[in-house]
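Observations on the three-dimensional arrangement
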Amino acid sequence: MIQQAKDKLHNVFGYDSFRPLQEEAISQVLDKKDALVIMPTGGGKSLIYQIPALVFDGLTIVVSPLISLMKDQVEQLRQFDIPALYLNSSLSEDEYRYNVKRLRNGEVKMLYVAPETLLMPKTRKLLDGMKVDCFTIDEAHCISEWGHDFRPEYRQLTEVRKDFPEAACLALTATATPRVREDIKKVLDFDDSQTYLASFDRKNLLLKVADKDDPLEQVLDFLYTRKKQSGIIYCFSRKQVDELYVELKKEGYAAKPYHAGLSEGVRNRNQELFIRDDINIIVATIAFGMGINKPDVRYVVHYDMPKNIESYYQQIGRAGRDGIRADCLVLFSPSDTQKIRYFINKKEGREKEVAEQHLKSLLGFLETDECRRIPLMAYFGEEYQNDECGMCDNCLTVDAEVEDLTEEAQKFLSCVARTDQQHSEYYVTDVLQGSDTDEIIENGHQNLSTFGIGEDWNREQWILLSRLLVNQNYLEKHESGQLILTDEAQLVLNSKEKVYGLLDRSSAVVDREAAARTTTEVEEKHDEELFNLLRDKRKTIADKNAVAPYAIFPDTTLMEMAYYFPKSNESLMKIYGVGSAKLKHFGKAFLKVITEYCDEHNIEEKQKSLQKKGEPKYSGELHEQIAKAFNDGQSIEHLAEQKGVKPVTILKYLKKYFDEGNDLRAEGIAEAADLSRRKQDQVMKAFDQKGTRMLRAVYDAMDKSVGYNELRVMQLYYQAKNTEK
Ligand code: ADP
Ligand code: ZN
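Heads up: these notes are all about the structure in this document. (Residues numbered from 1 in each chain as written. Chains lettered and ligands numbered in written order. Predicted model: local features only at pLDDT ≥ 70, side-chain atom pairs only at ≥ 80, totals over all residues. Heavy atoms only, no water.)

**Quick look at the sheet that holds strand β7 (residues 195-197)**
What counts is decided by this rule: Whether two strands pair comes down to DSSP finding at least two bridges between them. Strands are runs of DSSP state E lasting at least 2 residues, helices are runs of H or I lasting at least 4, and numbering of each runs from the N terminus. Axes here refer to lines fitted to C-alpha atoms; in helices the fit is confined to the stretch in contact. Angles between the N-to-C directions go from 0 to 180 degrees.
Strand order in the open sheet made by the seven strands is β3-β4-β2-β5-β6-β1-β7, with parallel pairing throughout. Each edge of the open sheet carries a strand with a single partner, namely β3 (84-87) and β7. Adjacent strand axes in the sheet meet at a mean angle of 20°, parallel and antiparallel pairs treated alike. Of the pairings in the sheet, the one linking strand β2 (residues 59-63) to strand β4 (residues 110-113) comprises four bridges and is parallel in character.

**With respect to empty space enclosed by the protein**
A water-sized probe, rolled over the atoms, reveals where empty space remains. Inclusion rule: With a 1 Å grid laid over protein atoms only, a set of points is called a cavity when a 1.4 Å probe fits there but cannot get out and a pocket when it is open yet has protein on both sides within 12 Å along at least five of seven lines; lining residues have an atom within 4 Å of a point. Grid points are joined across faces, edges and corners, and a volume is the space filled by probe spheres set on the points. Three categories are distinguished: nonpolar for Ala, Val, Leu, Ile, Met, Phe, Trp, Tyr, Cys and Pro, charged for Asp, Glu, Lys and Arg, and polar for the others, with Gly belonging to the last.
A full pass over the atoms with the stated rule returns two cavities of 30 Å³ or more. For the largest cavity, the calculated volume is near 40 Å³. Looking at the largest cavity, the residues that line it are F200, D201, R202, L205, L207, Y313, I316, R373 and L376. Among the elements of the structure, β8 (205-211), α14 (309-316) and α17 (373-379) are those that each provide at least two residues to the lining of the largest cavity. When the residues that make up the lining of the largest cavity are grouped by side-chain class, the tally is six nonpolar, no polar and three charged. As a volume, the second largest cavity reaches approximately 30 Å³. Along its surface, the second largest cavity is lined by F236, D304, M305, D336, K339 and I340.

**Things to note about the environment of L448**
Rules: We call two residues in contact when some of their heavy atoms are within 4.5 Å.
Here L448 lies in the loop between α21 (438-443) and α22 (459-471). For the pair L448 and L432, spaced 16 residues apart in sequence, the C-alpha to C-alpha distance is 9.6 Å. Leave out the neighbours within four places in its chain, and L448 touches R418, T419 and V431.

**Points about a negative patch on the surface**
Condition: Residues forming no salt bridge and having over 30% relative accessible area are the ones grouped into patches, like charges within 9 Å of each other and nonpolar side chains (Val, Leu, Ile, Met, Phe, Trp, Tyr) within 5 Å. For the accessible areas, the method is Shrake-Rupley and the probe is 1.4 Å, while residue cover comes only from the protein chains on display. One speaks of a salt bridge when a side-chain nitrogen belonging to Lys or Arg is within 4 Å of a carboxyl oxygen belonging to Asp or Glu. A residue counts as positive if it is Lys or Arg and as negative if it is Asp or Glu; His and the chain ends are not included. For this purpose, a charge sits on NZ of Lys, CZ of Arg, CG of Asp or CD of Glu. Only protein chains enter the accessibility calculation, which uses a 1.4 Å probe; a residue is then buried when its area is under 20% of its type maximum, exposed when over 50%, and partly exposed in between.
There is a patch of like negative charges on the surface, built from D436, D438, E439 and E442. Tracing the sequence through the fold places E439 in helix α21. E439 gets classed as partly exposed once you look at its relative accessible area, which sits at 43%.

**A look at the packing of aromatic side chains**
Which entries qualify depends on this criterion: Centres within 6.5 Å make a pair out of two Phe, Tyr or Trp rings, where for Trp the six-membered ring is used; the pair is then stacked when the planes are under 30 degrees apart, edge-to-face when over 60, and tilted otherwise. By the criterion adopted, a ring carries a charge over it if an Arg CZ or a Lys NZ lies within 6 Å of its centre and within 35 degrees of its normal.
Using the criterion set out here, one finds 20 aromatic pairs in the structure. With a centroid separation of 6.0 Å and 75° between ring planes, the pair formed by F553 and F586 is classed as edge-to-face. Of this pair, F553 sits in the loop between α27 (549-552) and α28 (555-564) while F586 sits in helix α30 (residues 580-601); the two residues are 33 residues apart in sequence, bridging distant segments of the chain. The exposure class assigned to F553 is buried, which follows from its relative accessible area of 1%. You can call F586 buried: its relative accessible area is 6%. Through a chain of ring-to-ring contacts, the aromatic side chains of F13, Y15, F80 and Y576 assemble into a single cluster. Lying across the ring of F274, K294 places its NZ or CZ 5.6 Å from the centre.

**Side note on the sheet that holds strand β12 (residues 297-302)**
One open sheet accounts for six strands, arranged β8-β13-β12-β9-β11-β10; its pairing is parallel. Of all the strands in the sheet, the pair left with one neighbour each is β8 and β10 (255-258). When strand polarity is set aside, the average angle formed by the axes of neighbouring strands in this sheet is 15°. Note that β12 and strand β13 (residues 326-332) share four bridges and pair parallel. Along β13, the bridge assignment pairs H302 with V330. Contacting β8, β9 (230-234), β11 (281-284), β12 and β13, helix α11 (residues 215-224) runs over the sheet at an angle of about 170° to β13.

Printed below as a string of structure tokens:
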């Protein structure tokens, strides 16, 4: 039977192979045995009942808590020509009767139903006597009182289940906490052997945390390179949502707000606009997201700190369900922490304890300087097996960017010592900066040797340094705010240990996409222009069919089309997500776009199986070899990895090659600068005005906001670009 399942996977859904645990769970269901499947969002839970449903000759019932989710699934299945329908309170009487008729005629493979509807005597009577092969409970955590969305009707499903003794019972959830898992098993009377627990590591999510210093500016920088992408920005309060929404609109972004203060009508409309790709951005409170199945959400930004790790994980989980890279950014400020502390302090007893524990875990994640996946996975009881993931800001911070901060650290720590470890970072900074505040005069601290020795740095830099010293365990911060030296601090003061770090993480992490790996070659190298044309076509077809664009084809499909350039039905069938039904319905329209584009640009079709070519050989001195490989399209990151050196070293080679009078490809250089696209464009303008000879002039023109290292990269980029033929 599993062979039949594989055939369905290829021919109906157009996928190459099963994802982890899918095959095992599907076999279990096909054997008519019960199964609990716990997989993160985007793991591919739906196929686990959808494929057996196509193999079985009877009906598969799917219990789902939200009308929007049911509609979404049924809409998607219809594009595959799979007869699925739903019964719930949103249907008109006529629609309801029509659906019932089709059910009675045995025309239906999958029935989606809300628990309330299923519990109604008339529904139970309708299903009485029908052959039901699989009884699926989606979002099964709703069974548990410990879960975040407990639904009392879910408990009664155990009763209904008895109506179908022949059916396999399949419970699905993305809820990661062990307590909820146990609860589901208990209520449904499952035992361990039937549980499939997938890893909760979402490998395609790039995790970033940035110091929040000018959040609006940071968000605009972030969005600048993501204008065509869909994303969600979470804020703490409704007021913040409204304000940010207005700002984004002012900047010309297609955004809409979403929070509980808006009427249900407006909320639904905004959500629909987002799903249909009529707008790109939803600015929302935590109220947004439950009923959302959009697979191509490319980023989730936390404008304010999330409430706890669990809700953070749930929210970022809405990004990148399609498996393509998605970026998750948290803007983190200590004053947000104060806000949360304030709410915690209003609580009492056990509740307060739990909240404090949550905050502690969250801070452990936000403040860590090791791989972020380590604390994140640990929270869900999973041990992260690698030291580095290559997909979080900490893993991506290359050594070159880490500064030697020993001298400043010594100044700061000795100032803490001389002020008797009685004060906060603000006070210590005042002393270092030589401000004669009343308090300092009162304490006589204007006479200290450390008074005024820190004038070369600004206030903010000192504060950031103090935070870094706390994180690296040279200082402890007492609850009252005062800073205390640790034993390690002595090592620094005695010059026995050096302090390294990245002081200002605010810009460093916002736009590091150049460094992060993308998941596949197709993702990285597809033809962007054709991809956009295909997207437009998809949108037109989707609107005509009144469905979401992703129900026609997911982005991955379009990317593969824009990479392999299939020109016949046969080649199209090899593309991800193209099965026989979709080929029939949409093949012609998409082939037309592809062939026209290829004719115009003289592009040949690529065979899907012949993907990897051997490494080309380059001759000459090392810097020449590297530059030639770079000119042939290899990225700086890739070359650095291949040669086992840092990206800056590759840049030096490229510069040497260029200075010797050779041509250098401009594309791909600027990415090595740790700058947002917006800043890059500003720097380019400054070079236009000031020329490239005096970096100092450009440095000043940029108000000293861009460091020399970055300017050197941009200088090379500018020069290469201007000598390009
Ligand atoms: P979940 O319900 O676990 O959040 P979905 O079932 O919605 O995840 O699957 C996420 C996406 O991955 C969907 O677009 C789905 O079609 C796709 N998908 C699922 N299984 C596979 C597979 N074996 N190969 C390729 N794509 C898959
Ligand atoms: Zn990492």
